[in-house]
Amino acid sequence: SQASFEEDSQKQPAVGHWKPLMPSKGSEEEPETGCQDAGGVAEAQSTEQLNVSRLRSSSVEIREKGSEFLREELHKAQKELKLKDKECERLSKVREQLEQELEELTASLFEEAHKMVREANTKQAASEKQLKEARGKIDMLQAEVTALKTLVITSTPSSPNRELHPQLQSPSKAVFRKGHGRNKSTSSAMVSAASQNMTPQAVSHERKELDSVLFAEFQAWKESPTLDKSCSFLDRIYREDIKPCLDFTKQELSELVRVAVEQNTLTIEPVASHSLPLVQLPAEESGEPKQCALSGLPRTCKHRITLGDSGSYYYISPSCRARITAVCNFFTYIRYIQQGLVRQDVEVMYWEVMRLRREMSVAKLGFYPSEM
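This is a predicted model, so every value here is computed, not measured. (Residues numbered from 1 in each chain as written. Predicted model: local features only at pLDDT ≥ 70, side-chain atom pairs only at ≥ 80, totals over all residues. Heavy atoms only, no water.)

1. Looking at the pairing of strand β3 (residues 313–316)
Then step 1. Where strand β2 (residues 303–307) and β3 come together, four bridges link them in antiparallel fashion. Looking at the pairing, His303 lines up with Ile316 of β3.
Then step 2. The turn linking β2 back onto β3 is made up of five residues, and Gly308 within it adopts a positive phi angle of 65°. (Pairing = 2+ DSSP bridges. Helix = DSSP H or I, 4+ residues; strand = E, 2+ residues; numbered from the N terminus.)

2. A few points about the pattern of salt bridges
Then step 1. Applying the stated criterion across every chain, the model contains 15 salt bridges.
Then step 2. A cluster of three or more residues bridged by salt bridges with shared partners is formed by Glu217, Arg236, Glu240, Asp241 and Arg357. (Salt bridge = Lys/Arg side-chain N within 4 Å of Asp/Glu carboxyl O.)

3. Quick notes on the pairing of β2
Then step 1. A large share of β2 lies buried, amounting to five of its five residues.
Then step 2. Along β2, one buried face is formed by His303, Ile305 and Leu307 and the opposite face, lined by Arg304 and Thr306, is buried too.
Then step 3. Relative to β2, strand β1 (residues 266–270) is paired through five bridges, and the arrangement is antiparallel. Residue pairing across strands places Leu266 opposite Leu307, the latter belonging to β2. (Buried < 20%, exposed > 50% of the residue type's maximum accessible area, 1.4 Å probe, protein only.)

4. Describing the sheet that holds β3
Then step 1. One open sheet holds the three strands; their spatial order is β1-β2-β3, and the pairing between them is antiparallel. Looking at the sheet topology across the chains shown, the edges are occupied by β1 and β3. Ignoring strand direction, the axes of neighbouring strands in this sheet form an average angle of 30°.
Then step 2. Across the face of the sheet, helix α7 (residues 251–262) comes into contact with β1, β2 and β3 while running at roughly 75° to β2. (Axes fitted to C-alpha atoms, helices over the stretch in contact; angles between N-to-C directions. Contact = heavy atoms within 4.5 Å.)

5. Description of the nonpolar core
Soluble globular proteins tend to pack their nonpolar side chains together in the buried interior.
Then step 1. Among the nonpolar cores identified, the biggest contains 46 residues, and Ile242, Val257, Leu294, Ile324 and Phe330 are the most heavily contacted of them.
Then step 2. Only α5 (212–223), α6 (232–245), α7, β2, β3, α8 (318–338) and α9 (346–364) provide two or more residues apiece to this core.
Then step 3. Per element, the largest residue contribution to this core is nine residues, and it comes from α8.
Then step 4. With residues near it in sequence (within four places) discarded, Val257 still touches Leu266, Leu294, Ile305, Leu307 and Ile324. (Core = buried A, V, L, I, M, F, W, Y, C linked by side-chain atoms within 4.5 Å.)

6. Focus on the side chain of Glu352
Then step 1. For Glu352, the location among the structural elements is in helix α9.
Then step 2. Note on Glu352: relative accessible area 8%, which makes it buried.
Then step 3. For Glu352, the contacting residues outside a window of four places in its chain are His114, Arg118 and Tyr333.

7. Quick look at the packing of α5 against α6
Then step 1. Direction vectors running N to C along α5 and α6 enclose 125°, while the axes themselves pass 8 Å from each other. Classified by the angle between their axes, α5 and α6 sit oblique to one another. For the pair α5 and α6, the contacting residues are Val213, Leu214, Glu217, Phe218 and Trp221 in the first and Ser232, Phe233, Leu234 and Arg236 in the second.
Then step 2. Of the residues in the contact of α5 with α6, the class split is six nonpolar, one polar and two charged. (Parallel < 35°, antiparallel > 145°, perpendicular 65-115°, else oblique. Nonpolar A, V, L, I, M, F, W, Y, C, P; charged D, E, K, R; others polar.)

8. Observations concerning the packing of α7 against α8
Then step 1. Where α7 contacts α8, the two axes come as close as 10 Å, and the packing angle between them is 25°. With respect to their mutual orientation, α7 and α8 come out roughly parallel. Crossing of α7 over α8 shows right-handed handedness. Together, Val257, Val261 and Glu262 of α7 and Ile324, Val327, Cys328, Phe331 and Arg335 of α8 make up the contact between the two elements.
Then step 2. Residue classes in the contact of α7 with α8 are distributed as six nonpolar, no polar and two charged. (Left-handed = near helix turned anticlockwise from the far one by under 90°.)

9. What to know about a nonpolar patch on the surface
Then step 1. Taken together, Leu102, Leu105 and Leu109 make up a surface patch of nonpolar side chains, about 310 Å² in accessible area.
Then step 2. Relative to the helices and strands, Leu102 is located in helix α2 (residues 29–154). (Patch = residues over 30% accessible without salt bridge, like charges linked within 9 Å, V, L, I, M, F, W, Y side chains within 5 Å. Areas by Shrake-Rupley, 256 points an atom, 1.4 Å probe, with all protein chains shown as cover.)

10. Digging into the environment of Tyr333
Then step 1. In this fold, Tyr333 is placed in helix α8.
Then step 2. On the accessibility criterion, Tyr333 (4% relative accessible area) is buried.
Then step 3. Along the chain, Tyr333 and Glu352 lie 19 residues apart, while their C-alpha atoms are 8.7 Å from each other.
Then step 4. Tyr333 has contacts with His114, Val342, Gln344, Met349, Glu352, Val353 and Leu356, leaving out every residue within four places of it along the chain.

In structure tokens, the structure reads:
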């Protein structure tokens, strides 16, 4: 066989297809294997590209769905935010309305309280006037009873009193007498006593005329109310009313009282009958102080004051109390105006201020109500 193979190999031409048994590196079968490998790689690459495209399309789809979900959530959040804004706006309006109603209610309460105080003072003055009149009538009746008793006692059978027995008088005199007769001197004494005790009911219609300068100063102060003494309105009242009204003999204590009144830290309270003075002041055995701490004069002190949180009490006379009270009333009213609690016409407020100034002027001259 080997010999036949060698013969066949010698008979065949040199040019032809040589098919080696074992493929070598330079053989023609290598391209076919390379083509097969290239096709597998291509298929793998196409599969990988397909997978990548699928992943990309799925990621894009996920992104779109995520963005759509986020947009929906954002839209919901915006709607909820708008609803909350509307609710906040409604609540703020309700709060403003409540605050306005509270301010109006406070102002009306202060006005009503001020009105009630004035009505109470008016009724008290009327009651005191009626009481004085009743006391005057009682005194007159008591004087008449005393005079009648005197006439009865002085009339005896031996010397009868012709005033009690008109039948004993001459006819010419008796004709003109009707009713019960009284002694002229006694009658005149009773009339004079009654005239002293009875208070005349004189009705005075007060007239008012607005001062342009004072009214202009008050209007300027009303535009921007303040308690600063530098403004012309308060500067005038300090010079003309407050300082003279609070100018007492004890200058150092007077200055402390003025500061306490300005700062609204002064307290006035009645003196109990059993209380003893805490300041070095003379007192009677009953314990009631008998010297005013502001004037230094021996006066019956029914009230005492304390300045801030000092804890010290100063006993004051009724006249000093009236002066301090008048100034305190003025400061209370202008504080109400400054806080916006007085809602009246500017002219009405002006005349109320003038009335309070008149009270200070009257008090500094020594006039004060008897109940003080």
